[in-house]
Amino acid sequence: MLALAVAFLTLGAQHAAAPAARAAPLGTAHVVARPAQGNVVIEWNRALLDIVRSPNAEPTTIHPTRNFAIMSAAVYDAVNAISRAHPLYGPSLTAPRDASRPAAAAAAAHDTLTALYPAHKAELDRRLSSDLAGIPDGRAKQEGIKVGVQAARAIIALRAHDGADATPPPYATTGKPGDYRSTPPAFKAPEFTHWGKVTPFLLRTGHQFRPPAPPALASSAYAGAINEVRAIGAARSTTRTAEQTTLAKLWSGPAQNYWYDVAQQVALARHSDLDRSADMFALLNLTVADATIAIYDAKYTYRLWRPITAIRLAAGNPRVKRDSTWTPLVVTPPDPSYPGMHSDISTAAATVLAGFYGDRNTFTLTSPATAGGPRPYTKPYTSLSATATEAGLSRIWGGVHTRLDHKSGNELGAAIARYALGQSKLAPAVPSSPTGKTPGSATPGSASPASATVPVANATVAVRDSKLGKILVDGQGRTLYLFVTDKGTSSTCYGACARAWPPLTTTGKPQAGNGVSPALLGTTTRTDHTTQVTYNGHPLYYFVTDVKPGDITGQGLDSFGAKWYVLDPKGNKIETG
């Protein structure tokens, strides 16, 4: 679980009930062509959208929604580290109040994208140089750049072991009626089979809002849904209207890309400043990323076959008539049918945007351009919710989803968005690595703080100087923390908490280093039977984003229900800083 900090989600709850929900629609004139008007948040979101639309932008196993979330979280933290309007999403950062927020946002976006898309570094460098050239030189600019770089580094570190780089497990169909198998014409292997297990950004787990199973193949609901798409979604359908055909093709691209574009248009039309744009894009992009994780969790849990397979085989329900040559209007995506991704992502995005700006907004969408294909079609819209509904229905008209998929996806996206907008308190957490260990645990004694997951023989506690004064560290100089919710010497931090805050464990008697009182050293037995070092009665922990000796990025964080503090040589918490 990787969750938003307190005020960031409070921000979502505030926007969910904001007066903007009653705002009137705006005009459409030239909104797509308008520049970002100096708003670097919108500019860099647009830059990333351009990248993901380019061929071979990233590995086919990495879903681009993750990278939008990473970038927007870093930008959000960079801006709020200066404005201090909201506590940060990631680790603590400090910056003077007069630092340049545009410089911070641009640097944060640039550094996350160069890390995620190194092949595009040259063009990203040029974009950053152009942004910075428009900001007066001086201390404010340099301080802004500095905090932007720090924010990017921190968020990249938080997501370094979220499971996104795991090898997708091969998919094998059982061959039973209803079980998904690859579809014509390309019969591509199923994609993103691992994505449902990627650590979410806001949700506790990818299955937190997993929908119920689809109706049984023998049911009338299933037969009705398949027969509907069989008639209206066929390539040569006689029941689909000309407008439905056009809209099915309009929405034939990746769902999230449409909504990134919509968000940019609406933010510009609403004259959102840099701070509001940073807030909105962070909540939007993290919600869409989680909606994507959740949809793959459900798809590969239920493994329901696509309409083309259901119609061509017609097994499991005598009310479905077999048609061995049936072909949909739109090419079927290479993953299971239930729930519908367009419905899920579109509803999630529309709900978050409506929380910021109200449902009534005017914008346009243009169909994807294809070589040798028809001229792109552009359509104006005036309602976010109606647009989301159309996006989901378009997949029925295109023959790749049923109404069952649409309904389930719509409900899933709505649940995730409401959760994101409505939470008042969530604690940041850090994912486990694909091996199940905390990042870095395979290298005991290294500089990584997470190496504490491997018990150290006769672990050492020492004192070192820091900007907070003298603090407790381990034998390698890594900062140690206490958790205020711990009662006595018993640790209350396990599971996801222990992955974010690894305990200092030992296989022998802990040793007192320089400045430490041996009388205050002790141990406690954890429920996993490891031995954790205590000091002055406090179980000791590291924080996973402290990447080098002396880092204190966990100081004062409210995480997993309570705060974390570094300790002074007497074993008392240091509450400053």
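Shown above is the structure to which this text applies.
Conventions we followed
- Residues numbered from 1 in each chain as written.
- Predicted model: local features only at pLDDT ≥ 70, side-chain atom pairs only at ≥ 80, totals over all residues.
- Heavy atoms only, no water.
- Helix = DSSP H or I, 4+ residues; strand = E, 2+ residues; numbered from the N terminus.
- Buried < 20%, exposed > 50% of the residue type's maximum accessible area, 1.4 Å probe, protein only.
- Areas by Shrake-Rupley, 256 points an atom, 1.4 Å probe, with all protein chains shown as cover.
- Polar contact = N/O pair within 3.5 Å; in protein donor to acceptor, adjacent residues only side chain to side chain.
- Contact = heavy atoms within 4.5 Å.
- Pairing = 2+ DSSP bridges.
- Salt bridge = Lys/Arg side-chain N within 4 Å of Asp/Glu carboxyl O.

Asker: What's the story with the overall build of the protein chain in this structure? I'm lost.
Answerer: A count of helices and strands for the protein chain gives 15 helices and eleven strands. Burial analysis of the protein chain (577 residues in total) assigns 58% to the buried set. Put simply, the protein chain shows about 22,500 Å² of open surface, and 55% of that area lies on carbon and sulfur atoms.

Asker: What am I meant to see in the side chain of serine 491 here?
Answerer: Structurally, serine 491 can be placed in the loop between β5 (481–483) and α15 (496–500). A polar contact is formed between the side chain of serine 491 and the side chain of arginine 526, at a distance of 2.8 Å. A polar side-chain atom of serine 491 sits 2.7 Å from a polar atom in the side chain of tyrosine 541. When near neighbours in sequence (up to four residues on either side) are disregarded, serine 491 contacts Asp486, Arg526, Gln532, Pro539 and Tyr541.

Asker: Which parts of the structure should I look at to understand the sheet that holds strand β7 (residues 521–525)?
Answerer: Paired through their backbone hydrogen bonds, the strands of a sheet run either parallel or antiparallel. With antiparallel pairing, the three strands of this open sheet are ordered in space as β7-β8-β9. The open sheet has two edge strands with one neighbour each: β7 and β9 (538–539). Pairing analysis gives five bridges linking β7 to strand β8 (residues 531–535), with the strands arranged antiparallel. The residue of β8 that forms the bridge with threonine 524 is glutamine 532.

Asker: Would you mind showing me how to read the pattern of salt bridges here?
Answerer: Any two side chains of opposite charge can pair, so long as their charged atoms come close to each other. Enumeration over the complete set of coordinates arrives at 17 salt bridges. The partner of arginine 66 in a salt bridge is aspartate 162, with the nearest N and O atoms 2.8 Å apart. Placement of the pair is arginine 66 in helix α3 (residues 64–83) and aspartate 162 in the loop between α6 (139–158) and α7 (220–232), with a sequence separation of 96 residues. Of the two residues examined, arginine 66 and aspartate 162, each falls in the buried class. One salt bridge connects aspartate 98 with arginine 139, and the closest N-O pair in it is separated by 3.1 Å. With aspartate 98 in the loop between α3 and α4 (101–116) and arginine 139 in helix α6, the pair connects residues that are 41 residues apart, well separated along the chain. Aspartate 98 gets classed as partly exposed once you look at its relative accessible area, which sits at 47%.

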